[in-house]
Amino acid sequence: MLETIKVRVAKHTDVVSLVKFNQLMAWETEQKELDLDILSKGVSALISDETKGFYLVAEKNEQVVGSLMVTTEWSDWRNAVFWWIQSVYIAPDYRRKGIYAQLYSQVKVLAEQQKDVCGFRLYVEKENIIAQKTYESLGMQASHYLMYEE
């Protein structure tokens, strides 16, 4: 199946798919319903303003079957940026088929074209062992930091 998947930067025509994926992910991971209007505006804002980040989408037969978002974090310690991988979603019928690996590979290719990307970070639910194993199989490792929020 891998050879039939196309990975590309998302466009405005992908907003509906990205909104749907974000809604599904929020429900699957946190049983949280996201406000459709706010979410649609948020996805559109990111696609309209590359300084906020970008989405990558994976397509099969011109249908979006997976996506992820990349945002940046400035590191004064490194005088460079980390790319944060967020909002990862693969449609259920396409999971465990290497699609995330293709998305992540494209993130790395795009980062190599920049001068100031020093690494990649993401967060994952503590209970999501399958995702953790996927990230580890691609060379990522657990950080010694905990995440806090308010």
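Shown above is the structure to which this text applies.
Residues numbered from 1 in each chain as written. Predicted model: local features only at pLDDT ≥ 70, side-chain atom pairs only at ≥ 80, totals over all residues. Heavy atoms only, no water.

Caption draft 1: Fine view of the nonpolar core. In this structure, Leu 68, Trp 83 and Ile 99 are the most contacted members of the largest nonpolar core, which totals 24 residues. Among the secondary structure elements, those contributing two or more residues to this core are strand 2 (54–60), strand 3 (63–75), strand 4 (80–90), helix 3 (99–112) and helix 4 (129–137). Once residues lying within four places of it in the same chain are set aside, the contact partners of Leu 68 are Phe 54, Tyr 55, Leu 56, Ile 85, Gln 86, Ser 87, Val 88, Tyr 100, Leu 103, Tyr 104 and Val 107. If you look at the next biggest cluster of nonpolar residues, it comprises 15 residues, including Val 15, Leu 46, Ile 47 and Val 64. (Core = buried A, V, L, I, M, F, W, Y, C linked by side-chain atoms within 4.5 Å. Buried < 20%, exposed > 50% of the residue type's maximum accessible area, 1.4 Å probe, protein only. Helix = DSSP H or I, 4+ residues; strand = E, 2+ residues; numbered from the N terminus. Contact = heavy atoms within 4.5 Å.)

Caption draft 2: Representation of the sheet that holds strand 2 within the structure. In space, the five strands of this open sheet follow the order 1-2-3-4-5, with mixed pairing throughout. Every other strand in the sheet has two partners, leaving strand 1 (5–9) and strand 5 (117–122) as the edge strands with one partner each. Along the sheet, successive strands turn relative to each other by an average axial angle of 25°, direction set aside. When strand 1 meets strand 2, the two strands line up antiparallel, connected through five bridges. Of the residues in strand 2, the one forming a bridge with Val 9 is Leu 56. Its contacts with the sheet put helix 1 (residues 15–30) on strand 2, strand 3 and strand 4, and the angle it makes with strand 4 is roughly 80°. Sitting on the sheet, helix 2 (residues 36–48) touches strand 2 and strand 3, and the angle it makes with strand 2 is about 100°. (Pairing = 2+ DSSP bridges. Axes fitted to C-alpha atoms, helices over the stretch in contact; angles between N-to-C directions.)

Caption draft 3: Layout of helix 2. Over its 13 residues, helix 2 extends 18 Å from the first C-alpha to the last, a length consistent with the 18 Å expected when each residue adds 1.5 Å. Regarding helix 2, the residues found buried are Leu 39, Val 43, Leu 46 and Ile 47. In a view along the axis of helix 2, the buried residues occupy a sector of 100°, so they form one face of it. Residues of helix 2 that are exposed and point more than 90 degrees away from the buried face comprise Ile 38, Lys 41 and Ser 48. (Expected span 1.5 Å × (residues − 1). Arc of directions from axis to C-beta.)

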